[in-house]
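Summary of the model geometry
One-letter residues, chain by chain:
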Amino acid sequence: MPLYWRVFVTNAAAMLLAFAALVFAPVTVSAPIGFGELTVLAIGLLGVLLLNLLLLRPVFRPFDELAEAMRRHDPLAPGERVPVDGERDVAALAQAFNEMLDRMESERRESGRQALRVLEGERSRIARELHDELGQTLTGAMLQVEGLAARIPDNLRDELDELRETARSGTEDVRRIARQLRPEALEDLGLQSALAALATAFGEQAQVRVERRLEPSLPLSKDEELVVYRVAQEALTNVARHAQATRVALRLHQNRAVTELTVRDDGRGLSSGALPSAHGIRGMRERAMLIGAQLQINSKPGRGTEIKLSIPLNNPEAPCRSH
Ligand SMILES: Nc1ncnc2c1ncn2[C@@H]1O[C@H](COP(=O)(O)OP(=O)(O)O)[C@@H](O)[C@H]1O
Ligand SMILES: [Mg+2]
């Protein structure tokens, strides 16, 4: 029965009861009213109000439960919905709320993807300019230094060697930064090779032993591959920056209907305050959310950190699966 009618019927029942009590009980109301009559009427009124309250309570309780479920909803855990059951009006409200969440989540995913595309495009542009402009300038400087080498007096040779070394390390820095900004290997050689290159470069720079187990040919879309790569990149950077680890395991594999990336270190573990606002970890979570994947962080103080990205195979959120 619609809520409107249920309230009406409940009220009507209470009033009918009061009416019946007045008609059949031996009560008289004189004018002006006597104290005894007033007492009887007041008790009657109280009784009717109480009855009304008791009858209406179960009618509205499902709304409180629904409101509680809405309040508990966590926007960072997309896909969670309030149960659609019980009274027709409550169910309709729950349904409408769920539909609103659907629209908001899909809008949020779409604008997030858009933002990521812009970000990656911009990174590519900066990488290209770094490589083409600054890289060329530094190469030119190095050539000039080479040209000078034959002509300068011996007492300046050491300084010239220093200059050459500075230009050379500058060129290398530019290449490295450009590579980090734009994972060319990902486009050219595929995810596994790009991850392998990332692991090798990381191992050399951070002086940490990297064990890698990367399964070939996994069913991932281009967007998913990029997220896997960026999560691995951020996780390894964090290991180098914060973990004081001696070993890292980088693993990419297919586990039934889920593709999993895990980065596990044996370092000092996350401090408990580190999680909520941190930029890098937040970025990993956001990227995971945008492709409908899950990011888990398991860590115990002193016993290392594990970052696990799980991408479901039949992923309804996946925008396009390329192969
Ligand atoms: N592998 C790790 N081992 C130990 N601590 C870590 C690790 N990864 C992250 N952290 C901690 O979590 C914090 C947040 O990381 P992140 O969001 O990447 O921010 P940032 O690297 O810019 O500090 C770090 O400052 C660090 O304290
Ligand atoms: Mg970081």
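Since the structure is predicted, the reported quantities are computational estimates derived from the model, not experimental observations.

1. Looking at the pairing of strand β2 (residues 247-255)
- As defined by bridge partners, strand β1 (residues 209-214) adjoins β2 across six bridges and the pair is classed as parallel. Opposite Glu211, over in β2, you have Ala249 as the bridge partner.
- With helix α7 (residues 222-243) bridging β1 and the parallel β2, this β-α-β connection has left-handed handedness.
- Note that β2 and strand β3 (residues 258-265) share eight bridges and pair antiparallel. Following the sheet pairing, Leu250 is matched in β3 by Val263.
- If you look at the hairpin formed by β2 and β3, you'll find two residues sitting between the two strands, and Arg256 has a positive phi there, around 50°.

2. Observations concerning the packing of helix α3 (residues 88-149) against helix α8 (residues 279-290)
- The geometry of α3 relative to α8 is characterised by a closest axis approach of 9 Å and an angle of 120° between their N-to-C directions. When the interaxial angle is binned, α3 and α8 end up oblique. α3 and α8 meet at a crossing whose hand is left-handed. Contacts between α3 and α8 involve Arg108, Arg109, Gly112, Arg113, Leu116, Leu119 and Glu120 from the first element and Glu286, Arg287, Met289 and Leu290 from the second.
- By residue class, the composition of the contact of α3 with α8 is four nonpolar, one polar and six charged.

3. Points about the pattern of salt bridges
- By the definition in use, this model includes 19 salt bridges.
- As a salt-bridge pair, Glu120 and Arg230 come within 2.8 Å of each other at their nearest N and O atoms. Of this pair, Glu120 sits in helix α3 while Arg230 sits in helix α7, and the two are 110 residues apart along the sequence.
- Here Arg176 makes a salt bridge to Asp173, at a shortest N to O gap of 3.5 Å. Of this pair, Arg176 and Asp173 both sit in helix α4 (residues 157-181), separated by three residues, roughly a single helical turn.
- Here Asp173 falls in the partly exposed class, since its relative accessible area comes to 36%.
- Each of Arg81, Asp102 and Glu105 takes part in a single network of salt bridges with overlapping partners.

4. So, the coordination of the magnesium ion (ligand 2)
- For the magnesium ion (ligand 2), the protein coordination sphere consists of Glu234 (OE) and Asn238 (OD1), at 2.1 Å. Pair noted here: Glu234 and Asn238 are both in helix α7, with a separation of four residues, about one helical turn.
- In this structure Glu234 comes out as partly exposed when scored by relative accessible area, which is 22%.

5. Considering the packing of aromatic side chains
- Summed over all chains, the structure comprises three aromatic pairs.
- Relative to Trp5, the ring of Tyr4 lies with its centre 5.4 Å away and its plane at 70°, an arrangement referred to as edge-to-face.
- The exposure class assigned to Tyr4 is exposed, which follows from its relative accessible area of 62%.
- On the numbers, 6.1 Å between centres and 40° between planes, the contact of Phe60 with Phe63 is tilted. Of this pair, Phe60 and Phe63 both sit in helix α2 (residues 35-72), three residues apart, roughly one helical turn.
- Its relative accessible area of 38% is what places Phe60 among the partly exposed residues.
- Joined through ring pairs, the aromatic side chains of Tyr4, Trp5 and Phe8 make up one cluster.

What counts, and where the lines are drawn
Residues numbered from 1 in each chain as written. Chains lettered and ligands numbered in written order. Predicted model: local features only at pLDDT ≥ 70, side-chain atom pairs only at ≥ 80, totals over all residues. Heavy atoms only, no water. Pairing = 2+ DSSP bridges. Helix = DSSP H or I, 4+ residues; strand = E, 2+ residues; numbered from the N terminus. Right-handed = clockwise from strand over helix to strand, strands pointing away. Axes fitted to C-alpha atoms, helices over the stretch in contact; angles between N-to-C directions. Parallel < 35°, antiparallel > 145°, perpendicular 65-115°, else oblique. Left-handed = near helix turned anticlockwise from the far one by under 90°. Contact = heavy atoms within 4.5 Å. Nonpolar A, V, L, I, M, F, W, Y, C, P; charged D, E, K, R; others polar. Salt bridge = Lys/Arg side-chain N within 4 Å of Asp/Glu carboxyl O. Buried < 20%, exposed > 50% of the residue type's maximum accessible area, 1.4 Å probe, protein only. Donors = N, O, S within 2.8 Å, 3.2 Å for Na, K, Ca; no water. Phe/Tyr/Trp six-rings, centres within 6.5 Å; stacked < 30°, edge-to-face > 60°.

The analysis is restricted to geometry; functional conclusions fall outside its scope.
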